[in-house]
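A closer look at the structure
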Amino acid sequence: MATTDAPAPESNPALAAQAALLARPVTEERRMADAIRALAIDAVEKAKSGHPGMPMGMADAATALYTRFLKYDAADPRWPDRDRFVLSAGHGSMLLYALLHLTGYAGMTIEDLKHFRAIGSPAAGHPEYGHHPAIETTTGPLGQGLATAVGMAIAERHLAARFGKSLVDHRTWVICSDGDLMEGISHEAASLAGHLKLNKLTVLYDDNHISIDGSTALAYTEDRLKRFQAYGWAVKQVNGHDPAELAAAMSYAIRSPRPTLIACRTIIGFAAPTKAGTAAVHGAALGPDESAGAKQAMGWNYGPFEVPEGIKEKWEAAGRKGQGARRSWLKRLANHPQKDEFERAISGKLPEAWHERLAGWRQQIAAEQPKIATRVASQKALEALVPSIPELIGGSADLTGSVNTLVKGMPSIGPGEFGGRYIHYGVREHGMAAAMNGMALHGGIIPYGGTFLIFSDYCKPAIRLSALMHQRVVYVMTHDSIGLGEDGPTHQPIEQLAGLRATPNLHVYRPSGAMETAECWELAIKRADGPSLLSLTRQNLSETRTDAGENRCARGGYVLEEASGERRATLVATGSEVTIAQTARKMLEEAGIPTALVSLPCFELFAAQDASYREQVLGSALRVGVEAAIRFGWDQWIGPDGIFIGMTGFGASGPLDKIYAHFGITAEAIAAAVRKRLG
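Residues numbered from 1 in each chain as written. Predicted model: local features only at pLDDT ≥ 70, side-chain atom pairs only at ≥ 80, totals over all residues. Heavy atoms only, no water.

1. Description of the layout of surface pockets
Estimates place the volume of the largest pocket at around 370 Å³. Taken together, the residues of the lining of the largest pocket break down into 9 nonpolar, 7 polar and 5 charged. (1 Å grid on protein atoms, 1.4 Å probe; cavity = no way out; pocket = protein on both sides within 12 Å on 5 of 7 lines; lining within 4 Å. Points joined across faces, edges and corners; volume = space filled by probe spheres on them. Nonpolar A, V, L, I, M, F, W, Y, C, P; charged D, E, K, R; others polar.)

2. What to know about helix H16 (residues 374-385)
It helps to recall that an α-helix has 3.6 residues per turn; residues three or four apart then point in one direction. Helix length check: H16, at 12 residues, gives a terminal C-alpha distance of 16 Å against a target of 16 Å (1.5 Å per residue), a fit within 8%. Of all the positions in H16, only Thr374, Arg375, Ala377, Ser378, Gln379, Ala381, Leu382, Ala384 and Leu385 are classed as buried. (Helix = DSSP H or I, 4+ residues; strand = E, 2+ residues; numbered from the N terminus. Expected span 1.5 Å × (residues − 1). Buried < 20%, exposed > 50% of the residue type's maximum accessible area, 1.4 Å probe, protein only.)

3. Section: the packing of aromatic side chains
A full pass over the atoms with the stated rule returns 18 aromatic pairs. A ring pair is formed by tyrosine 448 and tryptophan 521, whose centres lie 5.7 Å apart and whose planes are at 85°; its orientation type is edge-to-face. Here tyrosine 448, found in strand E12 (residues 446-452), pairs with tryptophan 521, found in helix H21 (residues 514-526); they are 73 residues apart in sequence, far enough to count as distant. Each member of the pair, tyrosine 448 as well as tryptophan 521, is classed as buried. A ring pair is formed by phenylalanine 603 and tryptophan 634, whose centres lie 5.2 Å apart and whose planes are at 90°; its orientation type is edge-to-face. With phenylalanine 603 in helix H23 (residues 603-607) and tryptophan 634 in the loop between strand E20 (622-626) and helix H25 (635-638), the pair connects residues that are 31 residues apart, well separated along the chain. Here the two residues phenylalanine 603 and tryptophan 634 agree in accessibility, since each one is buried. One aromatic cluster in this structure is built from Phe603, Phe606, Tyr613, Trp634, Trp637 and Phe644. (Phe/Tyr/Trp six-rings, centres within 6.5 Å; stacked < 30°, edge-to-face > 60°.)

4. Considerations on empty space enclosed by the protein
Under the criterion given, the structure shown has 3 cavities of 30 Å³ or more. Its volume calculated, the largest cavity comes out at about 130 Å³. What lines the largest cavity is a set of 16 residues, and nearest its centre among them are Tyr66, Asp83, Tyr105, Ala134 and Glu136. Tallied by class, the residues present in the lining of the largest cavity amount to 11 nonpolar, no polar and 5 charged. Put simply, the second largest cavity is a space of about 40 Å³. Looking at the second largest cavity, the residues that line it are Glu29, Arg30, Ala33, Asp60, Thr63, Ala64 and Pro243. Mapped onto the lining of the second largest cavity, the elements with two or more residues apiece are helix H2 (28-47) and helix H3 (53-69). Along the lines of polarity and charge, the residues of the lining of the second largest cavity split into 3 nonpolar, 1 polar and 3 charged.

5. Topic: the side chain of serine 291
Here serine 291 lies in helix H11 (residues 288-298). Residues in contact with serine 291, not counting those within four places in the same chain, are Ile41, Glu45 and Leu286. (Contact = heavy atoms within 4.5 Å.)

6. With respect to the pattern of salt bridges
Summed over all chains, the structure comprises 38 salt bridges. In this structure, the salt-bridge partner of arginine 37 is aspartate 34, at a minimum N-O distance of 2.8 Å. Separated by 3 residues within a single helix, arginine 37 and aspartate 34 lie in helix H2, roughly one turn from each other. By relative accessible area, arginine 37 is classed as buried at 0%. We classify aspartate 34 as buried; its relative accessible area is 0%. Of the charged contacts, one joins glutamate 519 and arginine 545 as a salt bridge, the two residues approaching to 2.5 Å between their closest N and O atoms. Pair noted here: glutamate 519 is in helix H21 and arginine 545 is in the loop between strand E16 (540-541) and strand E17 (558-561), with a separation of 26 residues, a long-range link. For the pair glutamate 519 and arginine 545, one class covers both residues: buried. (Salt bridge = Lys/Arg side-chain N within 4 Å of Asp/Glu carboxyl O.)

7. Description of the sheet that holds strand E9 (residues 392-396)
The 7 strands lie next to each other as E10-E11-E9-E12-E13-E15-E14, forming an open sheet whose pairing is parallel. This sheet does not close on itself; its edge strands, each paired only once, are strand E10 (412-413) and strand E14 (507-509). Pairing of E12 with strand E13 (residues 474-478) involves 5 bridges; the strand directions are parallel. Looking at E13, one finds that glycine 450 is bridged to valine 476. With respect to the sheet, helix H19 (residues 456-468) is in contact with E12, E13 and strand E15 (532-535), its orientation differing from that of E13 by roughly 160°. (Pairing = 2+ DSSP bridges. Axes fitted to C-alpha atoms, helices over the stretch in contact; angles between N-to-C directions.)

8. Re the pairing of E15
Residues Ser532 and Leu534 of E15 are buried on one face, and the alternating residues Leu533 and Ser535, pointing to the opposite face, are buried as well. Sheet topology places E13 next to E15; 4 bridges connect them, and they run parallel. Looking across to E15, one finds that methionine 477 is bridged to serine 535. Of the strand pairs in this sheet, E14 and E15 are connected by 3 bridges, and their pairing is parallel. The partner of histidine 507 across the bridge, within E15, is serine 532. Crossover handedness for the path E14 to H21 to E15: right-handed. (Right-handed = clockwise from strand over helix to strand, strands pointing away.)

9. A closer look at the pairing of E9
On a regular strand, each side chain points to the face opposite its neighbour's, so the side chains alternate between the two faces of the sheet. Here E9 lies mainly inside the structure; 5 of its 5 residues are buried. Judged from the 3 bridges that link them, E9 and strand E11 (residues 422-424) form a sheet pairing that is parallel. Looking across to E11, one finds that serine 396 is bridged to histidine 424.

As structure tokens, this is what we get:
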């Protein structure tokens, strides 16, 4: 990462402020914070890359938090009633790794710190969920950590309402940067948190006035405290290097009836003799001379990665301070009437017989053959699932009546009212997706949320993190093609399916009718190692299935209708285009061309099947893909010489019954293309 040369000391007012702070008597708290600074300097120096400035600047705030306020026990990083700590400014990851090492967490040794940013090290360049049990979430894309923390805070409040304060009573703490607050998602998340009055959420804002390009004044001049006050937050501004001011502000936050932002005015790269307070210390190693000068300024007379025993002992004592609270909690849990249900929910295990009502709905579909939109079929599936799975928490981005995510008997979560099971996120798709990640990460909740498929673009960074972190989050995306009609090309998804299918570990389901929708919901709920996305129609569809036994979507694709003889063509379709292909198959069969029809609701599951099954389903005859989207991604199934009936550009505004004909996605067009190819 490019950096700028440090200015001369006389042009850098931060150096004068730093000199005054360093001249103060060295306290125990300062020396403990210096241990964080020294480890950050050494790790970044050894890796020859990283971001030392933020850990050096926020070391005092982190020390106050971890020694006096954060409820945790280093011996049990997954204790359910621990406070959650999110380093939203994930580039400053050495702050977190140093804290984990110093407080005595297993699995973050000094050797791990020496391998900072190396392949296989838990001390990755940015915090990665799953690399160490005390890393609560993956951060790095700025704003995501803060928004995820909002979801964690919602989860805590909801589970406290469900199980009681004796089992659930903890806080969510965040350290964020200027960059976090510049990102648009921070506005969505902070606005929602203020509206809901998430009083157990506290954000420590590293107000250091520096970004990569230089002073934040280049692009960032609004009053952040007034902004958060307008959202409904309590705000405090403190000297981020003064332990007394930091402690007073955190004590205030604990008592506040609202979420709290504490702006910690800090010097980025604190103690660096020439680069402190400048962009030069943000994203690059200090260099040998500056590193030595910083340690000399701190009075840190120890070798690289060396922490004196006295300081390490004090940190490890801080890591043990929550042991009594954890033991008391374990006793309360052992005697709690909801013990088994709490442990089941937190573990992610589904209730016994959770699928029985859904199975009944599938039998009803087979018998009645409803002609409904798959968004409506999704709501019908939820009517079976929501009463059976108490941890299902739904919501939508101000589209409840359109995306059909609310069912009867599902009260809303609102300001100070957290016993409900439905969240009105407002027009905040990105914030919704990140908050759902936070709920899933917290544990005890299976979140789902809805918007239009076209707005998956607004959700994409959070969807990517769902997949990266292997979280059970369900995205309900409706109005999934040109089939939504008159709203036109701004609302008609064309390239979105291809982009979503390209995301590793994301299962994208595009069901063809009510039966497949129910099956896809079953698969999404059962999936505990990653997110699922349901792509659903606005328009009504004829039912394509009469069987209700095996979950045929579980293999990703299957032969819906076999050819009457040796195949000459195989039509492969998804979602709303399956019924169009069904009509085309009938036309081809009547013309003496034996044709099979394959429904392919989930590319990812189909790709996971063995090659012999895929070949059996797709066959060796001419393959024709049919989907009201772009071809990208389809060649893996139909081959480069296969025919694709779909979109080649953006959509248009027009009535549903005319728009498919306008773009040539009709049974007649499919049949004609097959006849022309076969000659």
